[in-house]
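This is what each chain is made of:
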Amino acid sequence: MLTNDNVRTHCMGPSTSSSSQSDATGGSIISVTIGATVPTGFEHTAAEEVKEKIGVDARISKDRGRIYFPITTDKLYQVHLLRSVDNLFVVVEEYDHYQFKESKEETLTELQQLASKLPWTDTLEVWKLNRTLKKKKGHRKGGNAAKVKPNSDASDAVAADAEQHELPQVSSTAEDQTTVESVPDLETCEQDSQEAAPEAKVIKFRVTCNRAGDKHSFSSNEAARDFGGAVQEFFQWKADMTKFDIEVLLNIHNEEVVIGIALTEESLHRRNISHFGPTTLRSTLCYGMLRLCKPQESDIILDPMCGTGAIPLEGAIEFNSSFYIAGDNNDMAVNRTVNNICHFQKRRADKGSPSGLPIDTVRWDLCSLPIRTSSVDIIITDMPFGKRMGSKKKNWDLYPSCLREMARVCRPSSGKAVLLTQDKKCFSKAISRMGGLWRKLHTVWVNVGGLHAGVYLLKRTAAVFGQTPEDVHESRGMVEMQGDKKDDQEVS
């Protein structure tokens, strides 16, 4: 049973002080809580951005990769301008300690009963306002609307009408998983609905369940199916897995339960890149890495392994008082970067905005950069993991070589590096060998395509390049002969 102690209400009606105010659409201003999915590990970074740009404090969820913050509907458009968030939803209700029944049948029955007890009114008003804002801005087409973080053990299920729309299940170690299909834009949905029922507009919906935890007696499919069926009965909406107007979210993390309505049709990280490569980073992850190194005005920022240019492009857009140099040793990568920059500049020009970006692109040899010694302020890059790009065997020679060359071009004492890699053992070994040139300040653990990776913040020491033992490159054979057991331990 639910008690007053374990429920946190986030959907408040119009307050007396704001009832006379009106938002962009002429309606009353409503206070609600917004939930956002963010790259795991960068929750604090996202909370800082919310405080900086919207002026409110964000709460970091127990479930990694989510934050929550209060807003009033007159500031709803600002939420879509955040650079660190992937997906947005408005919270209908949140339970900190939901007491699930022991039996599956009782739990699912309680979820069905819950649907009619929730305070839907304000959140549906926010959904309508959000749709109006999106129409003004222009819709995104297609994309994946799943609000699932790649690192979560949670499964993703979509359900509404149990008889007609039950999806196939794929068993995993703890839970059931199904794939969420692409979402068309709302205008298409409205058009289809109007053609089907010209007399009365029937709202189409689906329920997406994201569940994490091993103490539940039910699967995500079952929870979404039964809860969705109750929502359908309560609102008399029509269930539709693909051409839906509303996506209801049922997020369950151990005892924490959050019910929400999605405000994004596809992840907001799909914003800069048009020419993708095999390891293109999400723009939201790039933003988190950039904030970690705090770019300052007139900084020279270098990405020596730029791939598709996701990092320098995000930096040139958001931190445009610095100058960015993007380079790679692969012709295709350099071409993709140039194409992405040109495509973004054209989009800006079409909208009548200034199209120039403080960024340049070069083809080079990573271990022999055509850059002056001690001339770069920040180095930020996605290093090869040795899986989809390169190999772990090659990394043993590549990592020390590139760290050495990065130390040469980076300014002593003040220079910084933010490096992303999943090859933690090799990176730890390389850093220990370059200890006279680099000092590790901080590590953020992130999830990149299901791989547990580290974002390492390094500080350039005051040592003059050319005067330390680390300037001499050692082969892998020499490293193995040293047999330093401490260096073999992975960073925990």
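Residues numbered from 1 in each chain as written. Predicted model: local features only at pLDDT ≥ 70, side-chain atom pairs only at ≥ 80, totals over all residues. Heavy atoms only, no water.

### Describing the overall build of the protein
Per the secondary structure count, the protein includes 13 helices and 19 strands. Counting all 492 residues of the protein, 55% fall into the buried class. The long-range share in the protein, meaning contacts at least 24 apart out of those at least 6 apart in sequence, stands at 77%. With the model as given, the accessible surface of the protein reaches about 21700 Å², and the carbon-plus-sulfur share is 48%. (Helix = DSSP H or I, 4+ residues; strand = E, 2+ residues; numbered from the N terminus. Buried < 20%, exposed > 50% of the residue type's maximum accessible area, 1.4 Å probe, protein only. Contact = heavy atoms within 4.5 Å. Areas by Shrake-Rupley, 256 points an atom, 1.4 Å probe, with all protein chains shown as cover.)

### Let's talk about helix α8 (residues 310-318)
Here α8 lies mainly inside the structure; eight of its nine residues are buried. Packed against the buried residues of α8 are α7 (283-293), β13 (300-303), β14 (323-328), α9 (331-350), β15 (359-363) and β16 (378-382).

### Remarks on unusual backbone geometry
Here the phi dihedral of Gln236 falls at roughly 60°; this positive angle occurs in a residue that is not glycine. Inspection of the secondary structure assignment puts Gln236 in the loop between α6 (220-235) and β10 (238-239).

### Notes on the sheet that holds strand β18 (residues 438-448)
Read across the open sheet, the seven strands follow the order β15-β14-β13-β16-β17-β19-β18; overall the sheet is mixed. Each end of this open sheet is capped by a strand with a single partner; those strands are β15 and β18. Between one strand axis and the next, the sheet turns by 20° as a mean value, whatever way the strands run. Pairing between β13 and β14: four bridges, direction parallel. (Pairing = 2+ DSSP bridges. Axes fitted to C-alpha atoms, helices over the stretch in contact; angles between N-to-C directions.)

### Some thoughts on the packing of aromatic side chains
Summed over the entire model, instances satisfying the criterion amount to twelve aromatic pairs. Geometrically, the ring pair formed by Tyr98 and Phe100 is tilted, given 4.7 Å between the ring centres and 40° between the ring planes. Residue classification places Tyr98 among the buried residues on the basis of a relative accessible area of 1%. Following the ring pairs from residue to residue traces out a cluster consisting of Trp120, Phe205, Phe234, Phe235 and Trp237. The ring of Phe218 has Arg211 lying over it, and the distance from NZ or CZ to the ring centre is 5.9 Å. (Phe/Tyr/Trp six-rings, centres within 6.5 Å; stacked < 30°, edge-to-face > 60°. Lys NZ or Arg CZ within 6 Å of the ring centre and 35° of its normal.)

### Overview of the environment of Arg211
Mapping Arg211 onto the fold places it in strand β9 (residues 204-212). The exposure class of Arg211 is buried, given its relative accessible area of 3%. Separated by twelve residues in sequence, Arg211 and Ala223 have C-alpha atoms that sit 9.2 Å apart. In this structure the side chain of Arg211 is engaged in a polar contact, spanning 3.3 Å, whose partner is the backbone oxygen of Gly213. A polar contact of 3.5 Å, which involves the side chain of Arg211, links it to the side chain of Ser220. (Polar contact = N/O pair within 3.5 Å; in protein donor to acceptor, adjacent residues only side chain to side chain.)

### Considering the pattern of salt bridges
By the definition in use, this model includes 19 salt bridges. The salt bridge partner of Glu52 is Arg291, with a shortest N-O separation of 3.2 Å. Here Glu52, found in helix α1 (residues 43-53), pairs with Arg291, found in helix α7; they are 239 residues apart in sequence, far enough to count as distant. The structure contains a network of salt bridges with shared partners spanning Glu49, Lys53, Arg83, Arg271, Glu314 and Glu318. (Salt bridge = Lys/Arg side-chain N within 4 Å of Asp/Glu carboxyl O.)

### Some remarks on the confidence of the model for the protein
This prediction gives the protein a mean pLDDT of 80; 75% of its residues lie at or above 70. Of all the helices and strands in the protein, strand β7 (residues 170-171) carries the lowest mean pLDDT, 30, while β13 carries the highest, 98. In this model residues 1-21 is a low-confidence stretch, pLDDT under 50, and it forms 44 contacts with partners more than four residues away in sequence or in other chains. The low-confidence segment residues 473-492 (pLDDT under 50) makes 27 contacts with residues lying over four places distant or belonging to another chain. (pLDDT = per-residue confidence, 0-100.)

### Concerning the nonpolar core
Core analysis: the largest hydrophobic core is formed by 51 residues, its most contacted members being Ile34, Phe69, Trp120, Phe227, Val248, Leu250 and Ile259. In this structure, Val248 is in contact with Trp120, Phe205, Arg206, Val207, Thr208, Phe227, Trp237, Ile259 and Gly260, ignoring residues within four places of it in sequence. Listed in part, the 32 residues of the second largest apolar core include Ile341, Val444, Val446 and Val455. (Core = buried A, V, L, I, M, F, W, Y, C linked by side-chain atoms within 4.5 Å.)

### Comments concerning the packing of helix α3 (residues 104-114) against α6
Two numbers describe how α3 lies on α6: the axes approach to 8 Å, and their chain directions differ by 35°. Viewed along their axes, α3 and α6 form a crossing whose handedness is right-handed. Residues Lys104, Leu108, Leu111 and Gln112 of α3 lie in contact with α6, whose contacting residues are Glu222, Ala223, Arg225, Asp226, Phe227 and Ala230. Of the residues belonging to the contact of α3 with α6, the class tally is five nonpolar, one polar and four charged. (Left-handed = near helix turned anticlockwise from the far one by under 90°. Nonpolar A, V, L, I, M, F, W, Y, C, P; charged D, E, K, R; others polar.)

### Considerations on the side chain of Thr421
Within the secondary structure, Thr421 sits in strand β17 (residues 416-421). A distance of 3.0 Å separates the side chain of Thr421 from the backbone nitrogen of Asp423, its partner in a polar contact.

### Overview of the environment of Cys410
Inspection of the secondary structure assignment puts Cys410 in the loop between α10 (392-409) and β17. For Cys410, a relative accessible area of 0% puts it in the buried group. Distance in space between the C-alpha atoms of Cys410 and Thr461 is 9.8 Å, their sequence separation being 51 residues. When near neighbours in sequence (up to four residues on either side) are disregarded, Cys410 contacts Ser374, Val376, Asp377, Ile379, Gly415, Lys416, Trp438 and Arg460.

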